[in-house]
Amino acid sequence: MAWRYVKSRPVPGWEAEHSIPGSPEPAVGQAPGVGVLGGAICFDGDFPAVFASASGRGIELLLLPSSDWKGISPLHTRQAVFRAVEQGFSMVRQVNQGLSVAVDGYGRV
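Calculation criteria
- Residues numbered from 1 in each chain as written.
- Predicted model: local features only at pLDDT ≥ 70, side-chain atom pairs only at ≥ 80, totals over all residues.
- Heavy atoms only, no water.
- Helix = DSSP H or I, 4+ residues; strand = E, 2+ residues; numbered from the N terminus.
- Rg over C-alpha atoms; globule rule 2.2 N^0.38 Å.
- Contact = heavy atoms within 4.5 Å.
- Areas by Shrake-Rupley, 256 points an atom, 1.4 Å probe, with all protein chains shown as cover.
- Lys, Arg positive; Asp, Glu negative; His and termini not counted.
- Charge placed at Lys NZ, Arg CZ, Asp CG, Glu CD.

Caption draft 1: View of the overall build of the protein. Per the secondary structure count, the protein includes three helices and seven strands. Its C-alpha radius of gyration of 13 Å places the protein within 12% of the 13 Å reference for a compact globule of 109 residues. For the C-alpha atoms alone, the extent of the protein along its principal axes is close to 40 × 30 × 25 Å. By sequence separation, contacts in the protein at least 24 residues apart represent 51% of the contacts at least 6 residues apart. For the protein, the accessible surface area stands at approximately 6,200 Å², while carbon and sulfur atoms represent 60% of it. A distance of 3 Å separates the average location of the 9 positive side-chain charges in the protein from that of its 9 negative side-chain charges.

Just distances and angles here, no functional claims.
In structure tokens, the structure reads:
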């Protein structure tokens, strides 16, 4: 196991009522042959402050597993792409019931 991470921002409603928020910073670790990996979960990707410190820690590739629903997909994926460009890292966002994407820090899919 490279790291353990608990979602820092539960989605308002049922999830927030039944969750204990984790670390306010994404997990970060070195991956030989890849670079500096970061990890966060779904709704965490909506908050610029979460990733401002992460990009300062040198994240090159963010893994952002997510679960979307019809009403928020693909908008939620586009928002995550914006975050990757804003902070300058590549990202893989694998999504259950939505639009998955792999993108570089320039927004190229």
